[in-house]
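# Survey of secondary and tertiary structure
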Amino acid sequence: MAAIGLKRRMAALDKRALTADLERMSAFVENTPLSGESAETITADVLIVGGGLVGSTLGCVLASAGIETVVVDREDPASVMEASFDGRASAIAAGSRHMMESVGLWAEVAAAQPIRDIRVTDGKVGRKASALSLHYDHREIGEPFGHIVENRELRKAQHRFIPKLETLRLLAPMGVSLVARRPDGVEAKLDDGRRVRAQLVCACDGRNSRLREDAGIKTTRWEYWQAGIVATVEHEKPHRGTAWEHFLPSGPFAMLPMVDAADGTHRSSIVWTERKDLSEWAVKLPDHAFGQELERRFGDRLGRLRPVGPRFRYPLSGLNASRYIDRRLALVGDAAHAIHPIAGQGLNMGLRDVAALAECIVDARRLGMDVGARGPLERYQRWRRVDNLALVAATDSLDRLFSTDIAPIRLARDLGLAAVDRLDPLKRVFMRHAMGTFGDLPRLIRGKPL
Amino acid sequence: MSQQANGGSVSVDPQEVGKFARMAERWWDPEGEMKPLHAMNPTRIAFLRDCLTARFGGDATGVRPLSGLRLLDAGCGGGLLSEPLARLGAEMTGLDPSPETIKAAKAHAERQGLAIDYRCQSVEALAETDASFDAVLAMEVVEHVSDLTGFLDACARLVRPGGLCVVATINRTPKSFLLAKVGAEYLLRWLPPGTHDWRRFVRPSEVAAELRPSGFTVKEVVGVSFDPKSGGWRLSSNTAVNYILVAEKP
C-alpha cells in the first residue's frame, strides 16, 4: 500500500514538474518577435538546423564545451513533448549514454529503464520460439547494454538542460527561409527576418533534409517490403529489464522494457516489423484484437498484453548520402543516413555522428581554427562514413538472414546463433557493437570528456 | 615601400617581400601554396597555446585560453597564425612589410569577424615606440630577414619584462638542406623553388646568442617533425630541421 501511495505521489510530482518545465521554457524560448525587430543579426560559431533529438543533443554537447551555438527548430517545443507527437521510446546504447552523462544531459532524464539482458530467439507466428537462442547478459560486460527511454522524456530532459547552457540559443518554433554558404561563412535568414551568421551549418533536418538537397548531395535509397509498427503495451508480469528480439519470417519483433508506469503497471515498447499490407491492417485493429496479434507473435512470457496509447506505422526504407559534407555544411543523423530500425541503432548512429562531429569541431576550436573549414569537416566525414556504412550493411544482412522461412537456412541460423552463444569473445564483440562501444570511438562515447 | 614611410632601419629584404606578396591572395587555400604552413599550423598553435597558458595561466582546454594576453605576430603574412590566436582570445597585433599581404590579411579577418590590429610596419619601427607585449612570436620568419641581429633585437625590446619571445624557424644543417630545400621545394613541390635560401637558415644557438644580450634565457627548444604516415607534423626532440625556441625576459 505504502509503495502505491508513493508511486501516486511521484506521478503527481511528475505532472507538476512537466508544467513547471513548460512554464520555464515558454519564458526561455524566443517567440517570433513583432515586425520591426527584424534587423537583428545573431552571430555564432555553429548553426544547427533541426532541433530533434539529434540536433538538440548536438547543440547541448557543443555548448557545454563553450562553442557558441544556435539551434533553429520549426516545431513548437511544447507540442513535441506531448505523447501524440511522438509516442515512441528509444534504446539509448551505453556509448550514447556515456556522451549524455559526460555533458550533464543524462542527469536530466527522469525515467530510463536499464536493459540488463537481451534475448534473441526465432520462430513462427503462433508457435513457441526455437529452443536455440542467443542470450546477452550485461554481467558479462559490467554495465547495462543501454536504456529504454521514451522520446518525450528525452525531449523534456533536453529542454530542462538547454537553459543551463550559456552559449546555446534555441529558436523555436522558427523556420529558416534561406541558408547561404559562402567561402568565408554561413548566413541564414530566419522566417522573422533575423539573420544568423556562423562558421558552420549542421543539417539535423532529418531524412528529407532540405539542406542536403540544396547542396546537391545525392543519396542512395532502398526500400524494404516491411513496415514497422511501434506501440506501447502493458503486461501482467514484470520484464525484469529484459529486451526480447524475436525473429519471425516477416522480420524482427522486439519487446523493449520500459520503466513501470506511475501506478506500477508494467510496460514495454514493441517494434513489430510486418509485411506492408498486413501492417496497414494490423495498426488499425481494435485494442483487444491488436493485443491478441501481439500475443500470437510474442507468446505469453509477460502474460496478457494490452496496447495503450497511439500506434505508429513506418514503412521501412534506408538511405545513405553520397557525401556527409559540403562547403561549411555537415550532415548529421537521418539527414546523412537512415537505416532499418531493426537493431534500434538509428538514433544511436545519429548520436555517434554527434560525438564525432563535436570532437572534430571542439578540437579545431581549441586550436583557434575556423570550425567550418575543410579540415575538421573532412575529418568528420572520414570518421563517420566508414562506421555508418558498416552498420547499414550489417543491419541489412542481419535482417535478410532472419527474414526467411526456408528450412535449411533456419537450421543453419539456429546453429549459428547457438555457436555465437558459446563463443565468448565473438559474443562480446557483438555485444559491444549493440552497445555502441566498438570501433574507433569518439572521446564522448568512451565516457571521456570532450 | 612602407618600411621607408615608417622610418627606422629595416631588416626586410625587398625581394623576399615581393615573393610572399604574390602569394597573398592564396594564403588561405589549405591546398594551395601555403599548404605546408596550414599542415603545420595545428601543431605550432597547440604548442603556443600550451606554452602561453603554462607561463601566464588560462585553461588550455577552454575556447578562449589566451584571453587578456597581448601578442605580437612579427611577420604575420596572411594571418594564418594571428587569426587562430585571436579566436583563442588573444589581443593580436600582426606586422608584415608587404602592403598587399596586410590588405589581404585585414580583409580576411574582417570577414571572419575577428578584430586584429594588422600593420604594414617593420618590427624595428614598432620597437621605436613604447609598444610592449606579453609575448612576441616570430614564427617561420627569421629565415626571410636580411638583418637577423636587428630583427631579433627589436623583437626582444618589444617583450615586456617577464614575457616570452618565441622563434620558430629552420635549422642550418645538412639534413635541413636536403629536406627543407631540396625536398620541399624541388622534389615534393610543397613550396615554390626559391622560397628559402638555405644560407639564411638559423641555428638555435644563433637565435639564443642574439637574444642573450637583452637578458633572455632560453627555456625550451623543441623540434617540429614531419610525420609521413599521417601527413601531419608533430613535436619531437629532433631539432635538425624545423624547431621552435622559447626564451624568457627577466
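Residues numbered from 1 in each chain as written. Chains lettered and ligands numbered in written order. Predicted model: local features only at pLDDT ≥ 70, side-chain atom pairs only at ≥ 80, totals over all residues.

### Let's talk about the pairing of strand E6 (residues 217–227) of chain B
All names here are of chain B. Stated formally: At least two bridges found by DSSP between two strands is the condition for calling them paired. Starting at the N terminus, helices and strands are each numbered in turn, a helix being any DSSP run of H or I of at least four residues and a strand any DSSP run of E of at least two.
Here seven bridges tie E6 to strand E8 (residues 242–248), and the two strands are oriented antiparallel to one another. Pairing of Val222 across the sheet is with Ile244, part of E8. Inspection of the sheet shows E6 paired to strand E7 (residues 232–236) by five bridges, in the antiparallel sense. Within E7, the position partnered with Asp227 by the bridge is Gly232.

### What to know about the nonpolar core
Residues and elements named next belong to chain A. How we decide: What we call a nonpolar core is a set of buried Ala, Val, Leu, Ile, Met, Phe, Trp, Tyr and Cys residues whose membership is set by joining through C-beta atoms within 7 Å. Exposed residues have 12 or fewer other C-beta atoms within 10 Å of their own C-beta, buried residues have 20 or more, and residues in between are partly exposed; the C-beta atoms are placed from the backbone. Contact between two residues is assigned whenever their backbone-derived C-beta positions fall within 7 Å.
Core analysis: the biggest nonpolar cluster contains 181 residues, and Val201, Ala330 and Val332 have the highest contact counts within it. Considering every element that reaches this core, the biggest residue donor is helix H8 (residues 346–366), with eleven residues. In this structure, Val201 is in contact with Leu47, Val49, Val179, Arg181, Val186, Ala188, Leu211, Arg328 and Leu329, ignoring residues within four places of it in sequence.

### Section: the interface of chain A and chain B
Inclusion rule: Note on residue categories: nonpolar means Ala, Val, Leu, Ile, Met, Phe, Trp, Tyr, Cys or Pro, charged means Asp, Glu, Lys or Arg, and polar means any other residue, Gly included.
Facing 13 residues of chain A, the contacting portion of chain B comprises 14 residues. Mapped by element, the contributors of at least two residues to the side of chain A that touches chain B are H8 and helix H9 (374–402) of chain A. A class-by-class count of the residues in the side of chain A that touches chain B yields three nonpolar, five polar and five charged.

### Topic: the confidence of the model for chain B
Residue and element names in this part refer to chain B. This is how the line gets drawn: On a scale of 0 to 100, pLDDT captures the predictor's confidence in every residue.
Residue-level pLDDT values for chain B average 87, and 91% of them are 70 or greater. Confidence drops under pLDDT 50 across residues 1–8; counting only partners more than four residues distant or on other chains, this segment forms 18 contacts. Scored as a whole, the predicted complex attains pTM 0.83, and scored at its interfaces, ipTM 0.84.

### Section: the sheet that holds strand E9 (residues 168–171) of chain A
Residues and elements named next belong to chain A. Convention followed: Comment: axis = line fitted to C-alpha atoms, over the contacting stretch for helices; angle = value between 0 and 180 degrees taken between N-to-C directions.
Reading across from one edge, E9-E3-E2-E13-E20-E19 is the order of the six strands in this open sheet, with mixed pairing throughout. With one partner strand each, in any of the chains shown, E9 and strand E19 (325–326) form the two edges of the open sheet. Where E19 meets strand E20 (residues 329–331), two bridges bridge the pair, whose relative direction is antiparallel. Residue Ile325 lies in a different strand from E20, and its bridge partner there is Ala330. The strands touched by helix H2 (residues 53–64) within the sheet are strand E2 (46–49), strand E3 (69–72), E9 and strand E13 (200–203), with E3 carrying the most contacts at an inclination of about 165°.

### Digging into the packing of helix H3 (residues 94–103) of chain A against H8(A)
Residue and element names in this part refer to chain A. To be explicit about the condition: Note that the term roughly parallel is reserved for angles under 35 degrees, roughly antiparallel for angles over 145, roughly perpendicular for angles of 65 to 115, and oblique for everything else. By convention, the crossing between two helices is left-handed when the near helix turns anticlockwise from the far helix through less than a right angle, and right-handed when the turn is clockwise.
In contact at an axis separation of 9 Å, H3 and H8 are set at 45° when each is read in the N-to-C sense. Between H3 and H8, the crossing angle belongs to the class labelled oblique. Our pair here, H3 against H8, has a crossing hand that is left-handed. Of the residues in H8, those in contact with Gly95, Ser96 and Met99 of H3 are Asn348, Leu351, Arg352 and Ala355.

### A look at unusual backbone geometry
Residues and elements named next belong to chain A. With omega at -5°, the peptide bond leading from Ala172 into Pro173 counts as cis. As for its position among the elements, Pro173 is in the loop between E9 and strand E10 (176–182). At Arg240, a position not held by glycine, the phi torsion is positive, near 50°. Counting through the fold element by element, Arg240 comes out in the loop between strand E14 (219–235) and strand E15 (242–248). Of note in the backbone geometry, Arg328 takes a positive phi value of approximately 55° without being a glycine. By the secondary structure assignment, Arg328 is in the loop between E19 and E20. On the basis of neighbour counts, which here come to 25 C-beta atoms within 10 Å, the residue Arg328 falls in the buried class.

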